[in-house]
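Each chain, written out:
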Amino acid sequence: MDATFKEEKPLNPRAKANIFEIVTHSWILRLIKKGLKKELDLIDLYTILEEDSSALLGNKLEKLWKEELINSKKKKKTPSFLRTLIKMFGKKFICNGIILTISEIFISIGISTIIGKIVKHFETNKSVNQNPDGIYLAICLIALLLMRSMTYNRFDRITSHMAMKVRIATCYVIYNKSLRLKTNSQDQTTTGQIINLMANDANRFDISVLYVPFLLIGPLQTIVVTYFLWQEVGVSSVLGVATLLVFIPLQIWLGSKTSEIRLQTAKRTDIRVHLMNEIISNLQVIKMYTWEPFFNNLTRYARKKEMNKIIKSAYIKGILSSFFLFNTRIALFVNLLAFVLLGNNITASKVFVITSYYNILRGTLTIAFPPGIGLSAELLVSIKRIEDFLLYEEKDKQVMTNQIKSIDVSRKTINNGAVLDNVNNHNDTEIQLNNFGIVMSNVWAKWTNGQIDNTIENINLTVTPGRLVAIIGPVGAGKSSLVQAILRELPLLDGSISVRGVVSYASQEPWLFPGSVKQNIIF
């Protein structure tokens, strides 16, 4: 809404960067050099890429969501916002996940194998003039470590970028939906809930999407590692891996509990934010009647109920995070113990190889898999909350026509300040209607379907442009409701409304943007 002149930001060099600059991120070096010379301002930052603009992403997601609504209505099933997100971002996410899965499994197995060969090389070659194979193995180990680091960091950046796009598009759709909510839908939601959806639920994409691929990588990597462990230590490997897998059902159950607590926490957060909005908007009345202690206790109670759920969720997350401290260690101990009890001798190379294999499982099954379960469960809850909000009833799309068909009912019109009888001549009526600004014909309306009495009944009104028309009446007579009907805020039960030209509206309760008086007026 700021209409003052703004200095344009520099164009984003990423848009015209070549492959080398994209891979090495050297296109951002100019900004880094500028940051070393002076403190960066907002004007120093680059403009966003066209592919990252909220309008482009939001319009595309909104279009897919409308298609989902139409298809679900034809097939008589419930629309799914998750299915819509998969249609828009699923292919790229799946491709990145497959690349990460393949590289994570094969590179990790290769590193463990090379570590075992290096240790075995130094066990068998103890003379001064050793075989140069150890140098080659060390070079291969460094190359694989570098490759794994580059692959994972690349995946992390691409996935984070995609999660940002999902969040931006989702916030765009939520905001547009909030502008189209019907009045009875506004009774089901609050400003606090909308803020919570955009601030917390949409933010879950940035946090959770990174862990989702590990829900698939974990089981696959377990199967592959078990096979290689079998090659090393035989049947004792099954006991070690089984010890590790025993904790998986507990982790899944704790993840489901996290999902339930997340939903309860979100509802209580909605209640608290709504309560705070009501208190702030009516602060003068509260202070006038000295109700501060009561509302202080009410706010504390709402926050306490919310914190109880947050604390429970923190305990569960702490338990899930603690698995990576002892899971693999217990499994390694059971594996080696079973290997020795079966009459085998252990060597340094054998222990190093087995330990490296369990370290692979530690990275997926104990570090990424447990939080992945909890975060994925929370993400599904957030998507469901957003879906429920997007399914709220919208305002009726009433067509604004230039003319209204003449009707043969008896009515009166306001024309030039005088009350006139209805004109029965059809041609004369159409000529007059061409000069009218607002025409209401037999309008019946009420705010909600559950409301017993109609808000306005049998309203016939004609207003010509360039004339001052005042609507007077006692409190509750329906003056504001009449204006709301003209603005298409009050849903019609019967009749029609035609508005020619542009309508400007000044609310009874003015709201201001943070800016100058001029900026607020010309907005």
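What you see is a predicted model, and the numbers here were worked out from it, not measured in a lab.

Bringing helix 7 (residues 191-201) into the picture now. Looking only at helix 7, the buried set comprises Gly192, Gln193, Ile194, Asn196, Leu197 and Asp201. Residues of helix 7 that are buried make contact with helix 5 (133-179), helix 8 (204-208), helix 11 (248-281) and helix 14 (348-390).

Using the criterion set out here, one finds 17 salt bridges in the structure. In this structure, lysine 87 and glutamate 68 form a salt bridge, with 3.4 Å as the shortest nitrogen-oxygen distance. Placement of lysine 87 in helix 4 (residues 81-124) and of glutamate 68 in helix 3 (residues 54-75) is noted, with a sequence separation of 19 residues between them. Residues joined in a network through salt bridges with shared partners are Glu68, Arg83 and Lys87.

Where helix 11 contacts helix 14, the two axes come as close as 9 Å, and the packing angle between them is 35°. Viewed along their axes, helix 11 and helix 14 form a crossing whose handedness is right-handed. Contacts between helix 11 and helix 14 pair Ile248, Gln251, Ile252, Gly255, Thr258, Ser259, Arg262, Leu263, Ala266, Lys267 and Asp270 from the former with Leu365, Phe369, Pro370, Ile373, Gly374, Ala377, Glu378, Val381, Ser382 and Arg385 from the latter. Residues belonging to the contact of helix 11 with helix 14 are distributed by class as follows: 10 nonpolar, six polar and five charged.

The next thing to look at is the side chain of asparagine 460. By the secondary structure assignment, asparagine 460 is in strand 4 (residues 456-463). Among the polar contacts made by the side chain of asparagine 460, one reaches the main-chain amide nitrogen of asparagine 442 at a distance of 2.7 Å.

The biggest cluster of nonpolar side chains holds 26 residues, and the ones touching the most others in it are Leu61, Phe81, Leu85, Phe205, Ile386, Phe389 and Leu390. Elements with a minimum of two residues in this core: helix 3, helix 4, helix 5, helix 7 and helix 14. Examining the composition of this core, we find that six residues originate from one element, helix 5, more than from any other. Leu336, Val353, Tyr357 and Phe369 belong to the second largest nonpolar core, which has 20 residues in total.

On to the side chain of threonine 243, then. Along the chain, threonine 243 falls in helix 10 (residues 236-245). Note on threonine 243: relative accessible area 17%, which makes it buried. A polar atom in the side chain of threonine 243 sits 2.8 Å from the backbone oxygen of leucine 239. Those residues in contact with threonine 243 that sit more than four places away from it in its chain are Ile330, Ala331 and Val334.

Here is what the cut-offs are and how they apply
Residues numbered from 1 in each chain as written. Predicted model: local features only at pLDDT ≥ 70, side-chain atom pairs only at ≥ 80, totals over all residues. Heavy atoms only, no water. Buried < 20%, exposed > 50% of the residue type's maximum accessible area, 1.4 Å probe, protein only. Helix = DSSP H or I, 4+ residues; strand = E, 2+ residues; numbered from the N terminus. Contact = heavy atoms within 4.5 Å. Salt bridge = Lys/Arg side-chain N within 4 Å of Asp/Glu carboxyl O. Axes fitted to C-alpha atoms, helices over the stretch in contact; angles between N-to-C directions. Left-handed = near helix turned anticlockwise from the far one by under 90°. Nonpolar A, V, L, I, M, F, W, Y, C, P; charged D, E, K, R; others polar. Polar contact = N/O pair within 3.5 Å; in protein donor to acceptor, adjacent residues only side chain to side chain. Core = buried A, V, L, I, M, F, W, Y, C linked by side-chain atoms within 4.5 Å.

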